[in-house]
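# Notes for the structure review
One letter stands for each residue in the lines below.
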Amino acid sequence: MPYQTLLYDSADAVATITLNRPDRLNTIVPPMPDELQAAVERALAEEHVTVIVLRGAGRSFCAGFDFSGGFHHWDEHLATEGAWDPGKDFMTATAQALGPVPKFMSLWRSPKPVIAQVHGWCVGGGSDLALCADVVIASEDARIGTPYSRMWGCYLTGMWLYRLGLTRAKEFALTGKPLSGCEAAEVGLINAAVPFSSLEREVAERARQLAAIPLSQLSAMKLIVNQAYENMGLASTQMLGPVLDGLMRNTPQARAFIELAERDGVASVIARRDAPFGDYSQAPADEQPDPAHTISP
């Protein structure tokens, strides 16, 4: 099938899904969540595929949901006659067939293991997406965070909570501060961080090793781990998170935030949001991803 927002390729035992909006840092717009789920289902249907790799084209994995243009590209799911419709937002957030989180979770539900290859910016909804994978390998200079903790959002998949202990989860939930790839590996949010020059090679080697194991064995081990976290209440957390996200997108401060983004541009509004903290785009150059580190699709 043709895709608008991603690319799909499979070779040997590995299917590679590449988010492909590099000019927009692979930010999430319709129909990316639907296409992601369709690509995962395609990989599941291909008998020769054992492992799925998820990555981003250009200089970032994914910089979250695209809220340029006043976020109006999501109006079909969130608005009625141009105004926020809390009932429609609620239904979209909680419906398995409509909300983006169930589409992200196709990575979690896949019986075939998924490796997320993270570089550049992996923030907001992009981090929620990456953390749905089974194994996350990042470049050392990647930046992973949830700036929506400060304005205009709430944890969606809840994976930040389940991958971190209480102490760390509270710290990052309240501050939204980003971690480098190295820091994310140190606190156990991701599996490993490697130099960008080694990233693709490291992911390919891990995929090769997993592909040497019988798929039934991989699927059984993934299922038992997943079920343990399902038993901890993952589904109910994912029900609450998107509902709170909808509310946090529509407070008076959040409405002013998105109106400013529509009027002055996304770069302007995130600069105002993050300037007091001196991070994300407001960090010194050596505390941001190297823009020369790009992935060719």
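Residues numbered from 1 in each chain as written. Predicted model: local features only at pLDDT ≥ 70, side-chain atom pairs only at ≥ 80, totals over all residues. Heavy atoms only, no water.

### Section: the state of the cysteines
- Within this structure, the stated rule accounts for 0 disulfides.
- For the unlinked cysteine cysteine 62, the closest cysteine sulfur is that of cysteine 122, found at 7.2 Å.
- Overall, cysteine 62 belongs to the buried group, its relative accessible area being 0%.
- A disulfide-free cysteine, cysteine 154 has its sulfur positioned 15 Å from the sulfur of cysteine 132, the nearest such atom. (Disulfide = S-S within 2.5 Å. Buried < 20%, exposed > 50% of the residue type's maximum accessible area, 1.4 Å probe, protein only.)

### Let's talk about the pairing of strand 1 (residues 6-11)
- Judged from the 6 bridges that link them, strand 1 and strand 2 (residues 14-19) form a sheet pairing that is antiparallel. When the bridges of strand 2 are listed, leucine 6 appears paired with leucine 19.
- Counted between consecutive antiparallel strands, the loop separating strand 1 from strand 2 contains 2 residues, among which aspartate 12 sits at a positive phi close to 55°. (Pairing = 2+ DSSP bridges. Helix = DSSP H or I, 4+ residues; strand = E, 2+ residues; numbered from the N terminus.)

### Re the sheet that holds strand 8 (residues 135-139)
- Ordered by their spatial adjacency, 6 strands build an open sheet running 1-2-3-6-8-11, and the pairing between neighbours is mixed. Looking at which strands have only one partner, the edges of the open sheet turn out to be strand 1 and strand 11 (192-194). The mean inter-strand angle of the sheet, taken between neighbouring strand axes irrespective of direction, is 20°.
- Bridge analysis of strand 6 (residues 114-118) against strand 8 gives 4 bridges, and the strand direction is parallel. What sits directly across from isoleucine 115, in strand 8, is valine 135.
- Relative to strand 1, helix 1 (residues 32-45) is tilted by about 10°, and along the sheet it contacts strand 1, strand 2 and strand 3 (51-56). (Axes fitted to C-alpha atoms, helices over the stretch in contact; angles between N-to-C directions. Contact = heavy atoms within 4.5 Å.)

### What about the packing of helix 3 (residues 86-94) against helix 12 (residues 234-248)?
- Viewed as axis vectors pointing N to C, helix 3 and helix 12 meet at an angle of 150°, and their least axial separation amounts to 9 Å. Overall, the two elements helix 3 and helix 12 adopt an arrangement that is roughly antiparallel. Judged by the sense of rotation from one axis to the other, the crossing of helix 3 with helix 12 is right-handed. Across the interface between the two elements, Asp89, Phe90, Ala93 and Thr94 of helix 3 pack against Met239, Pro242, Val243 and Gly246 of helix 12.
- Split by residue class, the contact of helix 3 with helix 12 holds 5 nonpolar, 2 polar and 1 charged. (Parallel < 35°, antiparallel > 145°, perpendicular 65-115°, else oblique. Left-handed = near helix turned anticlockwise from the far one by under 90°. Nonpolar A, V, L, I, M, F, W, Y, C, P; charged D, E, K, R; others polar.)

### Some words on the nonpolar core
- Core analysis: the largest hydrophobic core is formed by 62 residues, its most contacted members being Ile17, Phe61, Phe67, Val118, Ile144 and Trp160.
- Not counting residues within four places of it along the chain, the set of residues in contact with isoleucine 17 comprises Leu6, Leu7, Tyr8, Leu36, Ala39, Val40, Ile52, Val53, Leu54 and Arg55.
- Formed by 13 residues, the second largest nonpolar core is a distinct cluster that contains Val14, Ile137, Phe196 and Ala207. (Core = buried A, V, L, I, M, F, W, Y, C linked by side-chain atoms within 4.5 Å.)

### Quick notes on helix 13 (residues 252-264)
- Here helix 13 contains 13 residues, and its C-alpha end-to-end distance of 18 Å stays within 8% of the 18 Å for a straight helix at 1.5 Å per residue.
- Within the sequence span of helix 13, burial applies to Ala254, Phe257, Ile258, Leu260 and Ala261. Buried positions in helix 13, seen along its axis, are confined to an arc of 155° and lie on one side of it. Exposed and oriented more than 90 degrees from the buried face of helix 13 are Pro252 and Arg263. (Expected span 1.5 Å × (residues − 1). Arc of directions from axis to C-beta.)

### Looking at the environment of leucine 223
- In this fold, leucine 223 is placed in helix 11 (residues 215-231).
- Taking relative accessible area as the criterion, leucine 223 reaches 55% and is therefore assigned exposed.
- Placed 111 residues apart in sequence, leucine 223 and lysine 112 show a C-alpha to C-alpha distance of 10 Å.

### Some points on helix 10 (residues 196-211)
- Along its 16 residues, helix 10 runs 23 Å from first to last C-alpha, staying within 8% of the 22 Å computed at 1.5 Å per residue.
- Buried residues along helix 10 sit against strand 2, strand 3, strand 6, strand 8 and strand 11.

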